[in-house]
Amino acid sequence: LGVAWTYDLNSNRGIEATPIVHDGVMYVTSSWSILHAIDARTGKELWVYDPGADKAVGVDACCDVVNRGVAIKDGVLFLGVIDGRLEAIDAKTGKKLWSVQTVDRSKPYTVTGAPRVVKNMVLIGNGGAEFGVRGYVTAYDADSGEERWRFYTAPNPDKKADGAASDDIFASKGNAT
C-alpha cells in the first residue's frame, strides 16, 4: 500500500471534515466552509466553492473556523457556512443554487456541523451555547430552502412560546405558556 495522491486544502487552520464520495467525486470542506470537489481516482481538483464567510464570526467559533462536511441529495450538495448560512450547491458545477440565513446574526451563533438530509428536508443545527445562545435544529425544504420547522433544544428562558415545533413539548413540561 502507498499514497495514490494528495490534495492541499490551502489552510493553516483547523480541518475536521469527513469527506464524502459520490459518483467518483470526493467532496470535502476546509476552514471557513470552503468546499472542494476532487476526482477521487486521480486527486485532480474539479472545482472549489468559497461561500465568502464573514471572517468576523471567527471570534465566536469555539473550536476554530472548522467545517465538518456536507450532505448530498439528487446532485445537490448542502453546506453549512460558519456565519450561519445553509447553502445548496450544484454538485457538478459548484454553483450556488440557494442560500438561507439560519441564525440571528446579532448573536454569537456559528454553523460548523454537517447538514443531514431526511426525505426532502435538510436539517442543520448551530453552535454558540458556550456564548449564551439557545440551540435549535431547523429543517429546510431541499428544493427551495424554505423553512419547514424549527425545534429548540432548550426552553425559552422567558417561558414564552417561540412559534416553533418544540413549543408543545416545553409547554407540557411547564416551561412555556
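These numbers were taken from a predicted model, which means no experiment stands behind them. (Residues numbered from 1 in each chain as written. Predicted model: local features only at pLDDT ≥ 70, side-chain atom pairs only at ≥ 80, totals over all residues. Heavy atoms only, no water.)

Participant: Help me understand the packing of aromatic side chains, please; the structure alone is not making it clear to me.
Facilitator: Any pair of aromatic rings gets described here by the distance separating the centres and the angle formed by the planes. Inspection of the entire model under this criterion finds five aromatic pairs. Ring centres of phenylalanine 78 and tryptophan 98 lie 6.1 Å apart, and the angle between their planes is 45°; on these two criteria the pair is classed as tilted. Taken together, the residues span a long stretch of sequence, with phenylalanine 78 in strand S6 (residues 76–80) and tryptophan 98 in strand S8 (residues 96–101) at a distance of 20 residues. Tryptophan 98 sits in the buried class, given a relative accessible area of 11%. In this arrangement the basic side chain of lysine 55 is found over the ring face of tryptophan 32, its NZ or CZ atom lying 4.8 Å from the centre. (Phe/Tyr/Trp six-rings, centres within 6.5 Å; stacked < 30°, edge-to-face > 60°. Helix = DSSP H or I, 4+ residues; strand = E, 2+ residues; numbered from the N terminus. Buried < 20%, exposed > 50% of the residue type's maximum accessible area, 1.4 Å probe, protein only. Lys NZ or Arg CZ within 6 Å of the ring centre and 35° of its normal.)

Participant: Is there a simple way to explain unusual backbone geometry in this structure?
Facilitator: Not every positive phi belongs to a glycine, and aspartate 64 is a case in point at roughly 80°. Given the relative accessible area of 23%, aspartate 64 is considered partly exposed. One non-glycine residue with positive phi stands out, namely lysine 119, at about 55°. Within the fold, lysine 119 resides in the loop between strand S9 (116–118) and strand S10 (121–124). For lysine 119, a relative accessible area of 73% puts it in the exposed group.

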